[in-house]
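# Coordinate inspection notes
Here is how the chains run, residue by residue.
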Amino acid sequence: MRVASIHTYPVKGCRRMDRDTARVEPWGLDGDRRWLIVDEHGLGLTQHQHRELVTMRAVSRTGGLTLDAPGLAPLDLAEPTEGEAIEVRVYRDRPPSPVRAAGPEADDWLARLLGRAARLVWLGDPAGNVVPWPVAAGSGAEVSFADGTPLLLTNTASLDAFNGWLLESSSTEGPLPMSRFRANVVVSGAAPWAEGEWVGRRIRIGGAVFHGSNECVRCVVATIDQETGERGREPLRTLAARRNIDQKLLFGLQMTVRAEPGGPFGEGRTVSVGDTVEVLD
């Protein structure tokens, strides 16, 4: 099994950034979902509310990022280390996170894109953000603005099997690309749905070790075409028929970052396209 592709999402909900290699940090891959768009009450805005975010490209770099979208001039931003200190929530039921506001220039840019008041904030220190459920001993609990755990892994063979079901059903929406599932690491060479058997196990990818936390419960964002923003019924309709386990529609594996013996939680290690993927226990 090998890594087929790597993706990060610098601003939660924005278009993916394709990577050849990424550094592993205790809270996930470097540059992944450290920025968040919030409303005037400090509550996160994502593709749930604004499908036009699929057109927003955010390219992260050391010390900042660049935003780009159709009809808007690119905006280059530095990490607002001295920006206004506020607290925000990714979702209403999550604890608040201390962040720094990017400032009025970024907020004006977002208002033009979304047609509403919005603020861009930056999570300078994810160490205080924790996974919203218990993690395995030896795993880090830190997380960026990801929904649950630091990384999401998907399997090309599972997507092939899913698209086979779509073909059998004569659905007009298939085949679906892997981009619908907004993974961080895509693996090839595994059997279909093998990732479900990795829950509770250690997985070595490149120079880092991860823990399979749980299979990923899919939400309505998976029905949004990540190129056009159009919404359909798939994959949720077919997952409901074929991958409905305890009333949860499952696709992909959520992972936490493991500590290496005598070392930090993956820090300084990398994953790259082509790396070997090995289930350790």
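Residues numbered from 1 in each chain as written. Predicted model: local features only at pLDDT ≥ 70, side-chain atom pairs only at ≥ 80, totals over all residues. Heavy atoms only, no water.

## What about the packing of aromatic side chains?
Overall, the coordinates contain five aromatic pairs when judged by the stated rule. Taken together, a centroid distance of 6.3 Å and an interplanar angle of 45 degrees make the contact between Trp35 and Trp122 tilted. With Trp35 in strand β5 (residues 35-38) and Trp122 in strand β11 (residues 119-122), this residue pair connects regions lying 87 residues apart in the sequence. The exposure classification of Trp35 matches that of Trp122, with both residues buried. Ring plane angle 15 degrees and centroid distance 3.9 Å describe the contact between Phe181 and Phe251, whose orientation is recorded as stacked. With Phe181 in the loop between α2 (156-169) and β13 (185-188) and Phe251 in strand β17 (residues 248-257), this residue pair connects regions lying 70 residues apart in the sequence. Residue Phe181 shares its accessibility class with Phe251, and that shared class is buried. Members of the aromatic cluster, joined through ring pairs, are Phe162, Trp165, Phe181, Trp193 and Phe251. (Phe/Tyr/Trp six-rings, centres within 6.5 Å; stacked < 30°, edge-to-face > 60°. Helix = DSSP H or I, 4+ residues; strand = E, 2+ residues; numbered from the N terminus. Buried < 20%, exposed > 50% of the residue type's maximum accessible area, 1.4 Å probe, protein only.)

## Quick notes on unusual backbone geometry
Residue Pro175 follows Gly174 across a cis peptide bond; omega there is -10 degrees. In this structure, Pro175 sits in the loop between α2 and β13. At Arg33, a position not held by glycine, the phi torsion is positive, near 50 degrees. Relative to the assigned elements, Arg33 resides in the loop between β4 (28-29) and β5. In this model, Ser170 sits at a positive phi of 60 degrees, which is unusual for a non-glycine residue. Counting through the fold element by element, Ser170 comes out in the loop between α2 and β13.

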